[in-house]
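One letter stands for each residue in the lines below.
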Amino acid sequence: MEDLIRIYNQVNNFGRDNHYELNIIEEGLIHYEMTIEERHLATPTAAHGGVIAAFMDAVIGVAALSAIHKEGKLASTIEFKISYYQPAYLGDKLKGIGKVDKKGNRIIFTTGEIYNQHNEIVAKAIGTLNAYPFEKGDIAKKLNK
Ligand SMILES: CC(C)(COP(=O)(O)OP(=O)(O)OC[C@H]1O[C@@H](n2cnc3c(N)ncnc32)[C@H](O)[C@@H]1OP(=O)(O)O)[C@@H](O)C(=O)NCCC(=O)NCCSC(=O)Cc1ccccc1
């Protein structure tokens, strides 16, 4: 089977459009980076909370993916709880750190943290993901067309 992380990166329009930069440190530990642009702003200077939540979803999602891709599985988010510690501002370079705390056959518990370029915490989350076989998802169906 082709590497599922490579396939995920290929099909992930959202990550590409937002210039997410992925770095897999080890299985279950990833770094993700993004920069706050004009189009992310909800006030003259601060990003919309949904931008940070979307980034967090990717941070915990790819942490889960990094822990299960060798088993031929993908992950989808069931739920996560996010706390916003401070705003992210135009031009901020955000770094997300995603960790798997516990991996079962299907349920994966994760934590995510997002820092700005001053190493100040912007947001934290805990989240639960569902692991499912690659063949059952829409990516496999699209590739097999
Ligand atoms: C997962 C659950 C919450 C519940 O699960 P269940 O109670 O188990 O549901 P059910 O009994 O109905 O399952 C029937 C069969 O379907 C399989 N199967 C399971 N999941 C999928 C699937 N996604 N696609 C295809 N098939 C799937 C499952 O193995 C089972 O097969 P089996 O019977 O074993 O042969 C489901 O309702 C759901 O998908 N919610 C929406 C989640 C969502 O959209 N989240 C947001 C986007 S994620 C994101 O962006 C994060 C991210 C970022 C970056 C990188 C990576 C990730």
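Structure shown above.
Since the structure is predicted, the reported quantities are computational estimates derived from the model, not experimental observations. (Residues numbered from 1 in each chain as written. Predicted model: local features only at pLDDT ≥ 70, side-chain atom pairs only at ≥ 80, totals over all residues. Heavy atoms only, no water.)

## What about the overall build of the chain?
Applicable threshold: Going along the chain from the N terminus, every DSSP run of H or I of four or more residues is numbered as a helix, and every run of E of two or more is numbered as a strand. Using C-alpha atoms as the atom set, the radius of gyration is obtained and then compared with a globule rule of 2.2 Å times the number of residues to the power 0.38. Three exposure classes are used, based on accessible area relative to the maximum for each residue type with a 1.4 Å probe and protein chains only: buried under 20%, partly exposed in between, and exposed over 50%. In what follows, residue pairs with any heavy atoms lying within 4.5 Å of each other are defined as contacts. Here the accessible surface of atoms and residues is derived via Shrake-Rupley with a 1.4 Å probe, and residues count as covered only by protein chains that are part of the display. Under the convention used here, Asp and Glu are negative, Lys and Arg are positive, and both His and the chain ends fall outside the count. All charge positions are set by atom: Lys at NZ, Arg at CZ, Asp at CG, Glu at CD.
The helix and strand tally for the chain stands at four helices and six strands. Reading the chain from its N terminus to its C terminus gives the helix and strand order α-α-β-β-α-β-β-β-β-α. By the compact-globule yardstick of 15 Å for 145 residues, the chain fits well, its C-alpha radius of gyration being 15 Å. If you line up the chain on its principal axes, its C-alpha atoms span 45 × 35 × 25 Å. By the burial criterion, 45% of the 145 residues in the chain qualify as buried. For the chain, long-range pairs separated by at least 24 residues make up 63% of all intrachain contacts whose partners lie at least 6 apart in sequence. When the accessible area of the chain is evaluated, it comes to approximately 8000 Å², of which 52% is carbon and sulfur surface. Taking the average location of the 17 positive side-chain charges in the chain and that of its 18 negative ones, the two points are 6 Å from each other.

## Brief notes about the layout of surface pockets
So the rule is basically this: Buriedness for pockets is judged along seven lines, at least five of which must meet protein on both sides within 12 Å for an open set on the 1 Å grid over protein atoms alone, while cavities are sets there where a 1.4 Å probe fits but cannot get out, and lining residues have an atom within 4 Å of a point. Grid points are joined across faces, edges and corners, and a volume is the space filled by probe spheres set on the points. Think of it as three bins: nonpolar holds Ala, Val, Leu, Ile, Met, Phe, Trp, Tyr, Cys and Pro, charged holds Asp, Glu, Lys and Arg, and polar takes everything else, Gly as well.
Roughly 470 Å³ of volume is contained in the largest pocket. Here the lining of the largest pocket takes six residues from helix 3 (residues 49-68), the largest share from any one element. Of the residues belonging to the lining of the largest pocket, the class tally is 13 nonpolar, four polar and three charged.

## Observations concerning the pattern of salt bridges
Two side chains carrying opposite charge are able to pair once their charged atoms lie near each other. For clarity, the threshold we go by: Put simply, a salt bridge is a Lys or Arg side-chain nitrogen that is within 4 Å of an Asp or Glu carboxyl oxygen.
This model, assessed by the stated rule, comprises four salt bridges. In this structure, Lys-73 engages Glu-71 in a salt bridge whose closest nitrogen and oxygen atoms are separated by 3.2 Å. A salt bridge links Glu-71 to Lys-103, with the nearest nitrogen and oxygen atoms 2.5 Å apart. One end of the pair, Glu-71, is in the loop between helix 3 and strand 3 (73-84); the other, Lys-103, is in strand 4 (residues 93-103), and 32 residues separate them in sequence. Taking relative accessible area as the criterion, Lys-103 reaches 38% and is therefore assigned partly exposed. Where salt bridges share partners, they join Glu-71, Lys-73 and Lys-103 into one cluster.

## A look at the nonpolar core
What counts is decided by this rule: Working definition of a nonpolar core: buried Ala, Val, Leu, Ile, Met, Phe, Trp, Tyr and Cys residues. They are joined through side-chain atoms within 4.5 Å.
Within the largest apolar cluster, 40 residues are counted, with the highest numbers of intra-cluster contacts made by Tyr-32, Ile-36, Ile-52, Phe-55 and Leu-94. Looking at this core, the elements that each hand over two or more residues are helix 1 (4-11), strand 2 (29-35), helix 3, strand 3, strand 4, strand 5 (107-115), strand 6 (121-133) and helix 4 (138-143). The element best represented in this core is helix 3, accounting for 14 residues. In contact with Ile-52, not counting residues within four places along its chain, are Ile-36, Ala-47, Ile-82, Tyr-84, Ala-88, Leu-94, Ile-114 and Ala-123.

## A closer look at the pairing of strand 6
For clarity, the threshold we go by: Here, a strand pair is defined by DSSP locating no fewer than two bridges between the strands.
Pairing of strand 3 with strand 6 involves eleven bridges; the strand directions are antiparallel. If you follow Ala-75 over to strand 6, its bridge partner there is Ala-131. Note: strand 5 against strand 6, nine bridges, orientation antiparallel. Each bridged residue has a counterpart across the sheet, and for Ile-108 the counterpart in strand 6 is Leu-129.

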